[in-house]
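Survey of secondary and tertiary structure
What follows is each chain in one-letter form.
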Amino acid sequence: MNVPVVVRTMVSKRVAILIGILIAAIIIGSVAYIYRAGAPPTSPTPTPSPLPTSPAPPKKKVVVYASLSEMTTADPSTEFSNSIMWLPLVYETLLWYDPINNRFIPGLAYNYTVSSDRLVWTFYLRKGAVFHDGTPVNADTVKASLERTITLGQGAAYILEPVDKIEVVDEYTVRFYLKYPAPLDKILASPYGVYIFSPMVVKHAGAQNLTDPKVAEWFNKGNDAGSGPYKLVKWDPENEVVLEKFEAWWGWKEAGYSLASPNAPEVFVIKIIKDAVTQERMLRAGQIDIAQYVPPEVVEEFKRDPNYVVVVKPSFQNLILLFNTKKPPLNNTLVRKAIAHAIPYDDIVQAARMGFARVASGVVPYGMWGHFDDLRYEYNLTLAKELLAKAGYPHGIDRTLLLVYTAGDIYEQRTAELISSSLAQIGIKVEIRPMSWEEQWALAQKGWEDPNAAQDLFIFYWWPDVLSPVTYLYNMFHSESKTFNLCYYENSEFDQLVKEAYRYEGIDSRKALELYRRVQEILYRDVPGVGLWDMVEYRVAQSKIGNLENAVNPAYPTVIFAQVLDVKG
């Protein structure tokens, strides 16, 4: 059927109107959507899968040990002072020594033999030990290290004087021939002068040979070439020394090795805090983990607090007063003897150390072979005045004596104050001058060339290199030992007897002891120095620091063997 044109037109108009309305609605809806959404509609996109995340690296165990004194040098052949605190952690010796149990602990040598005449010693090296630069430890490296120390002749090199020749038998066997019998096992377990290091230092330093000064310069820039459980990673000798665990150390892998712990710190920091009170405050605040020194009067308080651990052990460290024997009036033996009798030793032990010491008898400390318990000077002011009068000073000394000690050391400070107070009672005025160790040392070194430019009285600590009386007697009083003979004492009879005693020590201990007795009687008569007190060591740490007892060894004073620590948490 045909539809009229008018009807088709009307339908078209209606459709157009409906389409227009629909378009308008769509436009209005779209505008409303845009208004609500704030952005034009976009095509839907799939939600991305989350990226895989790596687990956070485990937090390293860091232990901070506060030391009172700044470090000196970093050369393992020549260092002879405060760097002992880290040297045994970075470098190794052939043996270690436990004086409390009188036993040797294997180091780079797992065993050794000695001939019946004690002139030939053979050491068998462990296989698999490597230096921090990857070089293997073998007999050649042992020979090269010790021969460098002997050739340089500095620091504690004198302890190797009995060695005539070192021979490489095979890759892991080294033999020592001695000039005379000597306790080579004790010598090679010393805290100075016998460390083994990589011969690659020559290449690292761009040097010609091991004795080239460039090698020492390389070490003293803070580089290391040891094989020990820790690497030296930061060398700021006046502020801090940072050590990091050496994962390839053989000791971590040897089951049951007494000088290794599975929970040892990954990082061991030695921070220089030059004040015992500050160390105490930082320990309580958790800023340090182990304090070398806190005031002795608070030790009992720490013992009662379960948040801390306190270790108290014998020590071969002692405090000594040295006289400038070449500077008037101390060049007069009677004046020195008067001062020795005017020192209140018992009061010093109680006031300075709160009993954590014992009055010294001579300069060889209590507990060490070669110590004699009848070499004390009686505290007697009447006798002291009589001696001064006999010396020509009936009314006291007409100038002020200079006494120097290490700034920040509360024990030395209290000791100096008590000495000064007591000497004032016999007419001797004393200026007490705290100095940094470097300043104290620089002043004392002037004494051999110009005694009048140096101090009068010098308080300082001594601890052993080789575990023999010779370390105390030779170093501080032999005329050849100008580095540490800071009393500038010269006595040819004494010099000869010290060396003779050391030679006998390796073959006839009774004869050696007899000679050491004579040597110390000479010192007692001449009074170039006075032993003040023999230390009883204590360390205070956070309770998380386990096995601290075994990390402290009297043969290595001030050292914390970090590889032995059992760090909790």
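1. Here we look at the overall build of the protein
The secondary structure content of the protein amounts to 17 helices and 19 strands. Counting every position in the protein, which comprises 569 residues, the buried fraction comes to 54%. In the protein, of all internal contacts separated by at least 6 residues, the share reaching a separation of at least 24 is 70%. With the model as given, the accessible surface of the protein reaches about 24500 Å², and the carbon-plus-sulfur share is 54%.

2. Here's the deal with the sheet that holds strand β5 (residues 120–125)
Two orientations exist for strands paired in a sheet by backbone hydrogen bonds: parallel and antiparallel. Read across the sheet, four strands follow the order β4-β5-β7-β6 without closing on themselves; strand pairing throughout is antiparallel. With partners counted over all chains shown, the strands left at the sheet margins are β4 (109–114) and β6 (163–170), one partner each. Ignoring strand direction, the axes of neighbouring strands in this sheet form an average angle of 20°. Examined bridge by bridge, β4 and β5 share five bridges and lie antiparallel to one another. Each residue of the ladder has a partner; that of N111, found in β5, is Y124. Across the sheet, helix α3 (residues 139–152) lies against β5, β6 and β7 (173–178), angled at about 165° from β6, the strand it touches most.

3. Things to note about the nonpolar core
Ranked by internal contacts, the top residues of the largest apolar core, which has 194 residues, are W86, L94, F123, F176, F268, W533 and L565. Looking at this core, the element that brings in the most residues is strand β12 (residues 308–323), giving nine residues. Three or more residues apiece are contributed to this core by two domains, here domain 1 (65–307 + 543–567) and domain 2 (314–536). Residue contacts for F268: discarding those within four places in its chain leaves V63, Y65, L89, V241, V242, L243, I560, A562 and L565.

4. Things to note about the environment of G222
Inspection of the secondary structure puts G222 in the loop between α6 (213–219) and β8 (230–236). Take G222: its relative accessible area is 13%, and that puts it in the buried class. Between the C-alpha atoms of G222 and V233, which are eleven residues apart in sequence, the distance is 7.7 Å. When near neighbours in sequence (up to four residues on either side) are disregarded, G222 contacts L232 and W235.

5. Description of the packing of helix α14 (residues 470–477) against helix α15 (residues 492–504)
As a packed pair, α14 and α15 sit with axes 10 Å apart at the nearest point and diverge in direction by 150°. The pairing of α14 with α15 is recorded here as roughly antiparallel in orientation. Every pair of crossing elements has a handedness; the one defined by α14 and α15 is left-handed. Contact residues: V470, L473, Y474 and F477 in α14; F494, D495, V498, K499 and Y502 in α15. The class makeup of the residues in the contact of α14 with α15 is seven nonpolar, no polar and two charged.

6. Quick word on α14
Among the eight residues that make up α14, eight are buried, leaving the element largely enclosed by the rest of the structure. Residues V470, T471, Y472, L473, Y474, N475, M476 and F477 constitute the buried set of α14. Next to the buried residues of α14 lie β12, β16 (457–462), α15, α16 (509–526) and β17 (529–542).

7. With respect to the pattern of salt bridges
Tallying each qualifying case throughout the model produces 26 salt bridges. With a shortest N-O distance of 3.4 Å, R103 and D98 are connected by a salt bridge. Classification of R103 as partly exposed rests on a relative accessible area of 37%. The class for D98 is buried, based on a relative accessible area of 11%. For E521, the salt bridge goes to R517, with nearest N and O atoms at 2.9 Å. Pair noted here: E521 and R517 are both in helix α16, with a separation of four residues, about one helical turn. On the accessibility criterion, R517 (22% relative accessible area) is partly exposed. Taken together, the salt bridges that share partners define one network made up of K234, E240 and K271.

Rules behind the numbers
- Residues numbered from 1 in each chain as written.
- Predicted model: local features only at pLDDT ≥ 70, side-chain atom pairs only at ≥ 80, totals over all residues.
- Heavy atoms only, no water.
- Helix = DSSP H or I, 4+ residues; strand = E, 2+ residues; numbered from the N terminus.
- Buried < 20%, exposed > 50% of the residue type's maximum accessible area, 1.4 Å probe, protein only.
- Contact = heavy atoms within 4.5 Å.
- Areas by Shrake-Rupley, 256 points an atom, 1.4 Å probe, with all protein chains shown as cover.
- Pairing = 2+ DSSP bridges.
- Axes fitted to C-alpha atoms, helices over the stretch in contact; angles between N-to-C directions.
- Core = buried A, V, L, I, M, F, W, Y, C linked by side-chain atoms within 4.5 Å.
- Domains from an automatic or database assignment.
- Parallel < 35°, antiparallel > 145°, perpendicular 65-115°, else oblique.
- Left-handed = near helix turned anticlockwise from the far one by under 90°.
- Nonpolar A, V, L, I, M, F, W, Y, C, P; charged D, E, K, R; others polar.
- Salt bridge = Lys/Arg side-chain N within 4 Å of Asp/Glu carboxyl O.

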